[in-house]
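# Observations on the model geometry
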Amino acid sequence: MGEHLTESDIKKIQEEIEYRKLVVRRDAIEAVKEARAQGDLSENFEYYAAKKDKNQNESRIRYLERMLKNAIVVTEQSKADEVGMNNTVGLYFEEEGEIQVFKLVTSIRGNSLKGYISIESPIGKAILGHKIGDKVAVQVSEDYCYYVEIRSIENTDDAGDPIRKF
């Protein structure tokens, strides 16, 4: 099963692949050539470091291409009154007695430190498609479940959040 990606995620991944193929690859090949020209390869740390960088770039390109090949495209559009992709949602946690705000995103953009939660996470799955005032059970494991109430939904755009800086 592939990653859930939006059209903007796919576009950003394609841009990263193009950048890595046209810019990073060329620079990495040049670095390998320069290090090789320094002489004895058996004791040439610069050569091994340059080869490692080149191989990491090629590995990243293959990973991104596989991700695109197996992607499940999800829409960024949602109804105005329902929790959907790229919505900022205020959730009241009954156990803690507090409200926390999250932005619902695809898994490759998930970042709990920024308050971005994936639609594939337990809480993301639970609140997706619900409305303000709904109390939702979040099943964390077979043995543990907690409840949240949806207090606010704000429709936000993609805002250009990077998938990964290259």
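Keep in mind that what you see is a predicted model, and the values were worked out from it rather than measured. (Residues numbered from 1 in each chain as written. Predicted model: local features only at pLDDT ≥ 70, side-chain atom pairs only at ≥ 80, totals over all residues. Heavy atoms only, no water.)

### Considering the overall build of the protein chain
Note the threshold: The way it works is that DSSP assigns letters per residue, a run of H or I at least four long becomes a helix, a run of E at least two long becomes a strand, and they are numbered from the N terminus. Only C-alpha atoms enter the radius of gyration; for comparison, a globular chain is expected to reach 2.2 Å times N to the power 0.38, where N is the number of residues. Buried means the residue's accessible area, taken with a 1.4 Å probe over protein chains only, is under 20% of the maximum for its type, while exposed means over 50%, and partly exposed covers the values in between. Residue contacts are counted whenever heavy atoms from the two residues lie within 4.5 Å of one another. Surface accessibility in these figures is a Shrake-Rupley result with a 1.4 Å probe; residues are shielded only by whichever protein chains are displayed. Positive charges come from Lys and Arg, negative ones from Asp and Glu, while His and the chain ends are left out of the count. Charged side chains are reduced to one point each, which is NZ for Lys, CZ for Arg, CG for Asp and CD for Glu.
A tally of helices and strands in the protein chain yields 3 helices and 7 strands. Going residue by residue from the N terminus, the α and β elements of the protein chain occur as β-α-α-β-β-β-β-α-β-β. The C-alpha radius of gyration computed for the protein chain amounts to 22 Å, which surpasses the reference 15 Å derived for 166 residues by more than 25%, pointing to a less compact arrangement than a globule. Considering only C-alpha atoms, the protein chain reaches an extent of 70 × 30 × 25 Å along its principal axes. By residue count, 38% of the 166 residues in the protein chain fall in the buried class. Put simply, 56% of the contacts in the protein chain that link residues at least 6 apart link residues at least 24 apart. Carbon together with sulfur atoms contributes 49% to the accessible area of the protein chain, which is approximately 10,200 Å² in total. Placing the 25 positive and 31 negative side-chain charges of the protein chain at their respective mean positions leaves the two points 6 Å apart.

### As for the confidence of the model for the protein chain
Here is the rule: On a scale of 0 to 100, pLDDT captures the predictor's confidence in every residue.
In the predicted model, the protein chain carries a mean pLDDT of 87, and 93% of its residues have values of at least 70. Counting contacts from residues 162-166, a segment whose pLDDT is below 50, to residues more than four positions away or on other chains yields 12 contacts.

### Side note on the packing of aromatic side chains
Where we set the bar: Here a Phe, Tyr or Trp ring, Trp counted by its six-membered ring, pairs with any other such ring whose centre lies within 6.5 Å, and the pair is stacked when the planes are under 30 degrees apart, edge-to-face when over 60, and tilted otherwise. The criterion is that NZ of a Lys, or CZ of an Arg, lies within 6 Å of the ring centre and within 35 degrees of the ring normal, and then a charge sits over that ring.
Taken as a whole and judged by the stated rule, the model has 4 aromatic pairs. When the centroid spacing of 5.5 Å and the interplanar angle of 75 degrees are considered together, the rings of Y47 and Y48 count as edge-to-face. Residue class for Y48 comes out partly exposed when judged on its relative accessible area of 46%. Note on F93 and F102: the rings are 6.2 Å apart at their centroids and 70 degrees apart in plane angle, and the pair reads as edge-to-face. Exposure remark for F93: the relative accessible area of 7% places this residue in the buried category. Classification of F102 by relative accessible area gives buried; the value is 14%. Here a set of aromatic residues connected by ring pairs shows up, and it is made of F93, F102, Y144 and Y146. A cation over an aromatic ring shows up here: K103 above the ring of Y116, its NZ or CZ 5.5 Å from the ring centre. The ring of Y92 has R151 lying over it, and the distance from NZ or CZ to the ring centre is 4.3 Å.

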